[in-house]
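# Per-entry structural report
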Amino acid sequence: MFDDQAVDAAQTEVLSVVGNDENDDLVRALLVTALDMDQAGIDRLELKIASQALVEMLDSWKVFSLARTSPKVTVFGSARTAPDEATYEQASELGKLMADHGWMTITGAGPGIMTAAMEGAGREHSFGVNIVLPFEQDANPVIHGDPKLAEFKYFFTRKLAFMKESDAFVLSPGGFGTLDEAFELLTLIQTGKSYPVPVVLLDPPGSTYWSGWRSFVEAELLGNGMISPADLDIFTHTHDAAEAAQQVCAFYSCYHSLRYVGKRLVLRLQQQLDEASLATLNTEFADIVVEGRIEPIETTSAERSDDDHVDLPRLGFRFNQRSYARLVVLIRRINELAGRPGDPVHDLVHDVTPDVTPDTAEA
C-alpha cells in the first residue's frame, strides 16, 4: 500500500478495470514503487532509466512468449569473427545441430559468431537479443525484422533476457563482451542466483583460447583461493560442435528443472531413478545434504497450486544452499545414471533466481 487512502483507493479502482486476477498484488506493488520513486524526489534521468528498463523487459517477455516452452541455447562469441574462420563455421554447425535436436538458438543478433549460429539454426529457430550501439544499430540479416527479435538500450536488461530465457549456454572465442558474459554466467550459477544450466566452452581444434583462459583461472583464481576446485565443474570444454550439442542435450536427458519448496530442494525428472542409482547419489553427494537423504517425493502442494510440472517424478532433499557447483555435478550424475539421450526435452520454463523463502507449511 502507498499509505494514502485516496491513492490506494484509486489503485484499487484501476486494478478492477485492467487487472482483476491473481497477479493484482504484484501489479499494485509496481504501482506503489513507481509512486515511491516520484515521492523520493529522484531526478528525471533516474526515472528515465527505470522506465526504459521496464519497457525493455516487457518487450523481451513479449518476444519470448512466441515460443515460451521451447528449449533454447544461447551462443556467445565475437562480433568480429569473419565467415571464412574456423570459429564461424563451428558456430554455424552448432546452430544447425541444436535445431536438429529441437532447440532454438539465442544470440545477440549482431555480426560474427552471432550471425553464424543463427545461419546454422535458421531464422525460424532463432531469437535475437540486440543491443543498440552507436556503431552497430541493426540486427543481422538472419533475424532483422523478425518478431523474435528484441531490442535493448541497456546491457543489464539484455543480460537479464539472456539469463532468464536460456536453458543452456555455449561460448565461442570472443572479446571483452564474451568474457564479461562468461564470468557473469559462472558467477550466477556459482552463487545460486541462477538455476543450474549446461555451460559449454567451444573453440576449434588447435585453438588455445579456452585452454589459455582456464590456465589463467586455475593459476590466478583457484591458485590464490578465490574460487573452489568444484567451481571448475560448472563448465565443460570441447573442440567439437557435435560434442557441445550432445553435452547440452544430455543435461536434460533425465533432469528437467528444480524448485525450492520450504526447506527442500525439489528436482523434477524426466524419469525416476531406481534404488541402486539413489544409493549411488546418497553416497557421492552426502556432502551437500544437510539432513536426511536424497529420495523420491510426491508433488508438493505448492507445485500443485501453481500447476508446476505436476506429472513429473521428483527427488527431494535438504540442500545446504551453498555448494551450487556440486549441484551441477549432481545433475550430471543423475543424467548418467538414468538419462535417455534420445528423448526430446520440452517445457523448460525457468525463473531467474530460485525462490528460497522458507515455507513452514511444507518442510
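Summary of the structure given here. (Residues numbered from 1 in each chain as written. Predicted model: local features only at pLDDT ≥ 70, side-chain atom pairs only at ≥ 80, totals over all residues. Heavy atoms only, no water.)

### Notes on the side chain of His256
Within the element layout of this structure, His256 appears in strand β8 (residues 255–261). You can call His256 buried: its relative accessible area is 1%. In terms of polar contacts, His256 uses its side chain to reach the side chain of Ser257, at 2.8 Å. (Helix = DSSP H or I, 4+ residues; strand = E, 2+ residues; numbered from the N terminus. Buried < 20%, exposed > 50% of the residue type's maximum accessible area, 1.4 Å probe, protein only. Polar contact = N/O pair within 3.5 Å; in protein donor to acceptor, adjacent residues only side chain to side chain.)

### Quick notes on the packing of aromatic side chains
Tallied over the full model, the rule gives 14 aromatic pairs. Ring geometry for Phe183 and Trp213: centres 5.7 Å apart, planes at 50°, overall tilted. Of this pair, Phe183 sits in helix α7 (residues 176–190) while Trp213 sits in helix α8 (residues 209–222), placing them 30 residues apart in sequence. The exposure class of Phe183 is partly exposed, given its relative accessible area of 31%. Given a relative accessible area of 9%, Trp213 falls into the buried group. With a centroid separation of 5.3 Å and an interplanar angle of 75°, the aromatic rings of Phe251 and Tyr252 are classed as edge-to-face. For Tyr252, a relative accessible area of 1% corresponds to the buried category. (Phe/Tyr/Trp six-rings, centres within 6.5 Å; stacked < 30°, edge-to-face > 60°.)

### Regarding the side chain of Arg259
Position of Arg259 among the secondary structure elements: in strand β8. Taking relative accessible area as the criterion, Arg259 reaches 17% and is therefore assigned buried. At 2.9 Å, the side chain of Arg259 and the side chain of Asp308 are in polar contact. Those residues within four positions of Arg259 in sequence are excluded, and the remaining contacts are Tyr195, Arg264, Leu265, Val266, Arg268, Ala302, Glu303, Asp306 and Asp308. (Contact = heavy atoms within 4.5 Å.)

### As for the nonpolar core
Counting 79 residues, the largest nonpolar core has Leu267, Phe317 and Leu330 as its most contacted members. Tallying contributions element by element places helix α12 (residues 324–338) first for this core, with eight residues. Listed in part, the six residues of the second largest apolar core include Ala109, Met118, Ala139 and Ile143. (Core = buried A, V, L, I, M, F, W, Y, C linked by side-chain atoms within 4.5 Å.)

### Thoughts on the sheet that holds strand β9 (residues 264–269)
Spatially, the four strands line up as an open sheet ordered β8-β9-β11-β10, and their pairing is antiparallel. For this open sheet the edge positions go to β8 and β10 (295–297), each flanked by a neighbour on one side alone. Taken pair by pair, the neighbouring strands of this sheet meet at an average axis angle of 35°, ignoring direction. Bridge count between β10 and strand β11 (residues 314–317): three bridges; the pairing is antiparallel. Looking at β11, one finds that Pro296 is bridged to Leu315. (Pairing = 2+ DSSP bridges. Axes fitted to C-alpha atoms, helices over the stretch in contact; angles between N-to-C directions.)

### Considering the sheet that holds strand β6 (residues 199–202)
Overall, parallel pairing links the seven strands, which are arranged β4-β3-β2-β1-β5-β6-β7 in an open sheet. Either end of the sheet is taken by a strand with one partner, and the two such strands are β4 (149–152) and β7 (235–238). The mean angle between the axes of side-by-side strands here comes to 20°, regardless of whether they run parallel or antiparallel. Inspection of the sheet shows strand β1 (residues 72–76) paired to strand β2 (residues 104–107) by three bridges, in the parallel sense. Residue pairing for β2: Thr74 is matched across the bridge by Ile106. Along the sheet, helix α3 (residues 44–64) makes contact with β1, β2, β3 (126–131) and β4, crossing β4 at roughly 170°. Contacts from helix α5 (residues 113–121) reach β1, β2 and β3, with the element oriented near 165° to β2.

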